[in-house]
Amino acid sequence: MELSWYDWAIIVVYLAGCMAAGLWMRRYVRGVDDFAVAGREMDLNLGIASLAATEMGLVTVMYTAELGFRNGPAGATVGVLMAAAMLVVGLTGFVIRPLRDAGVITIPQLFEKRFGKRVRWMAGLVVVLGGVLNMGIFLQVGGKFLVHVTGMDMAYLQWAMTALLGIVLLYTVLGGMLSVLVTDYIQFLVMGLGIVITSVLVVSDVGWSDFVAGLGDSHEKAIAYQNVREKDAKQSQKAIEAVRQSDGWEAAESLRKKQEEKRQESLRADRKPLAKESVLVVHTEEKTEAVTMGNPFNPVSPNGLGWMYVVWQAMFQIAVVTTWQTMIARVLSAKDSGTARRVYRRTAFYFVGRFALPGLWGAAAFLYFTNHGGLPEGVDSLTAMPAYLKTLLPIGIIGILIAAMLAAEMSTDAGYLLTWATVIYNDLVNPCLRRPMSPKAQLFTVRALVLAIGIFLLAYGLWYEIPGNAWDYLAVTGNIYLASVFTLLVGALYWRGSHTWGAVAAIVLGAIGPITFLIVNGIIKSPRFDIDPSWEIKPEVAGFAAFGLSFAGMFFGSLLGRAFGRKRGDSGEIQAAEATP
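Fair warning: this is a prediction, and the values are worked out from it, not measured in the lab.

Undergrad: Account for helix H8 (residues 117-135), with residues named and values stated.
TA: For H8, built from 19 residues, the straight-helix expectation of 27 Å at 1.5 Å per residue is met to within 8% by its first-to-last C-alpha distance of 27 Å. Among the 19 residues of H8, 14 are classified as buried, and the element is accordingly described as predominantly covered.

Structure follows, in structure tokens:
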């Protein structure tokens, strides 16, 4: 379906109204405190809307739909774990209460009082590295949604996403957190309307009983297909090993490549027949692969997400809700720690819907394409959902959906741009200055950093190839700093024995696993290299490595530091820090 003028009118009116509201708030920005944390005057309702809107971007809709496409309802397990973590933290005040009471602008600023300026700078560096790399695919993934749901020519993708980023940069650079909070409120309402309407239409189209039965049937057929594939793989491996022993490594590698080429040709030839067996074949210029439905009702099943993945996600979500700087920015903008805790408690269940509803769209897309001859050319597990919605939504409704998704993209981009720019200014630039900047220079610096990050994202997002599914990439890049900063926060706030040596070790060691994952899997996935896919690192392995090495680094490093180094922070408690760097 092509967009009608009704749809375009809805989209244009929304974008114009959102930009006007954001620009209006620039008059209230008097300094960095207003720009970065809205003068610490965020109330409960605005905090709920802002937190929900910022953490529900277009990239969120895409990766949660992909989880649903590959795992059915079990893909929403991540959202359930996140909601549980937010509820526990909101009830107990774990980490967020003392963090808000400290009066800091960013998390790394807290570390200077306990561990020193060097640790603050190092923590700021990994926060920025993880955050900016995490955000790097937002434009790429959002652009893919627009291309497949509107039928837009790929040639216009770069221009469309550049224009959208330009609007976000304009009101974020001028209005800062004040503009972000106001536009988040508008975007929260539009986004909620679009998501609810679309979910109702999807359920009406598929039918709930047919949906449940279809997922179960798809998984059963997927198991049969995978058993055949495993048997073939074992036979191939035996043949490769026999050739290696008789003729050497080069001959074995040549045979492996020939077998992979044969498999690719078979998948291309059997694309439509396989769809009848609940096996969808992705065929794009970059890859040809078979996608099956994991266990849709048991997330810890070996044929689903698996228990190791679920345990990693449970650890990961606790770290997210206590250290993810875009979420913590709302904590630090709240009137007090009590307001911050209430925001968490009341927003918690929203994160179940954040994963479950787009996941429903993705699972419905799997069933739709299974019953209609397979995936179209150029559509993969990430873009199957928008390709399905294009066939489903009527005129007017599709315009509301696109406006809602643009709302999601804008709110997330604005919040993230402001967050990472604030960390760079507050924790990388400021500690290196001998004399503090003037208020005007401070504000100009943060605004320039927002603009610089936007330009970087535009370039990075257009060439980087995601190694695996989108959620795993986001989780692993976030883990570059989540594991280590979570360890530092717990150590600084709750362990008297934590020491600067342990903090440094936790930061360095915690980044090793995720960075290795990105480099190794990026090389393996690249079409420029022909490397055995079995060498790929699983995301849960990288995640466990990040947490394990961070904890070990903090514990053993602190023991060594207290034995041989200079003691620091014997009080074991962070008192309220100054609000200014």
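Picking up after the structure, the text goes on.
Undergrad: Describe empty space enclosed by the protein, naming the residues involved and giving the relevant values.
TA: Inspection of the entire model under this criterion finds 3 cavities of 30 Å³ or more. The computed volume of the largest cavity comes to approximately 210 Å³. As for the largest cavity, its lining consists of 18 residues, of which Tyr63, Trp324, Arg354, Tyr416 and Trp471 are closest to the centre. Of all the elements in the fold, those that place two or more residues in the lining of the largest cavity are helix H4 (58-71), helix H14 (307-323), helix H19 (397-429) and helix H21 (470-494). Broken down by class, the residue content of the lining of the largest cavity amounts to 12 nonpolar, 4 polar and 2 charged.

Undergrad: So what's going on with a nonpolar patch on the surface? Residues and values would help.
TA: A cluster of nonpolar residues, Leu129, Ile515, Ile519 and Ile523, forms a patch on the protein surface that exposes about 300 Å² of accessible area. One can find isoleucine 515 in helix H22 (residues 500-525).

Undergrad: Account for the nonpolar core, naming residues and giving values.
TA: One finds Met327, Tyr344 and Leu389 to be the most contacted residues of the largest nonpolar core, which totals 139 residues. Ranked by residues supplied to this core, first place goes to H21 with 16 residues. If we skip the residues at most four places from it in the chain, methionine 327 touches Leu51, Glu55, Met82, Met86, Val320, Val321, Tyr344 and Phe351.

Undergrad: Describe in detail the packing of aromatic side chains, supporting the description with residues and values.
TA: Any aromatic ring pair is given by two values, namely how distant the centres are and how the planes are angled relative to each other. Evaluation of the coordinates by the stated rule reveals 20 aromatic pairs. Geometrically, the ring pair formed by tyrosine 63 and tryptophan 471 is tilted, given 4.8 Å between the ring centres and 40° between the ring planes. Of this pair, tyrosine 63 sits in helix H4 while tryptophan 471 sits in helix H21; the two residues are 408 residues apart in sequence, bridging distant segments of the chain. Classification of tyrosine 63 by relative accessible area gives buried; the value is 3%. When its relative accessible area of 7% is taken as the criterion, tryptophan 471 is described as buried. Ring centres of tryptophan 495 and phenylalanine 555 lie 6.2 Å apart, and the angle between their planes is 15°; on these two criteria the pair is classed as stacked. On the criterion of sequence distance, the pair formed by tryptophan 495 in the loop between H21 and H22 and phenylalanine 555 in helix H23 (residues 539-564) is long-range, its members being 60 residues apart.

Reading the values: rules and limits
Residues numbered from 1 in each chain as written. Predicted model: local features only at pLDDT ≥ 70, side-chain atom pairs only at ≥ 80, totals over all residues. Heavy atoms only, no water. Helix = DSSP H or I, 4+ residues; strand = E, 2+ residues; numbered from the N terminus. Expected span 1.5 Å × (residues − 1). Buried < 20%, exposed > 50% of the residue type's maximum accessible area, 1.4 Å probe, protein only. 1 Å grid on protein atoms, 1.4 Å probe; cavity = no way out; pocket = protein on both sides within 12 Å on 5 of 7 lines; lining within 4 Å. Points joined across faces, edges and corners; volume = space filled by probe spheres on them. Nonpolar A, V, L, I, M, F, W, Y, C, P; charged D, E, K, R; others polar. Patch = residues over 30% accessible without salt bridge, like charges linked within 9 Å, V, L, I, M, F, W, Y side chains within 5 Å. Areas by Shrake-Rupley, 256 points an atom, 1.4 Å probe, with all protein chains shown as cover. Salt bridge = Lys/Arg side-chain N within 4 Å of Asp/Glu carboxyl O. Core = buried A, V, L, I, M, F, W, Y, C linked by side-chain atoms within 4.5 Å. Contact = heavy atoms within 4.5 Å. Phe/Tyr/Trp six-rings, centres within 6.5 Å; stacked < 30°, edge-to-face > 60°.

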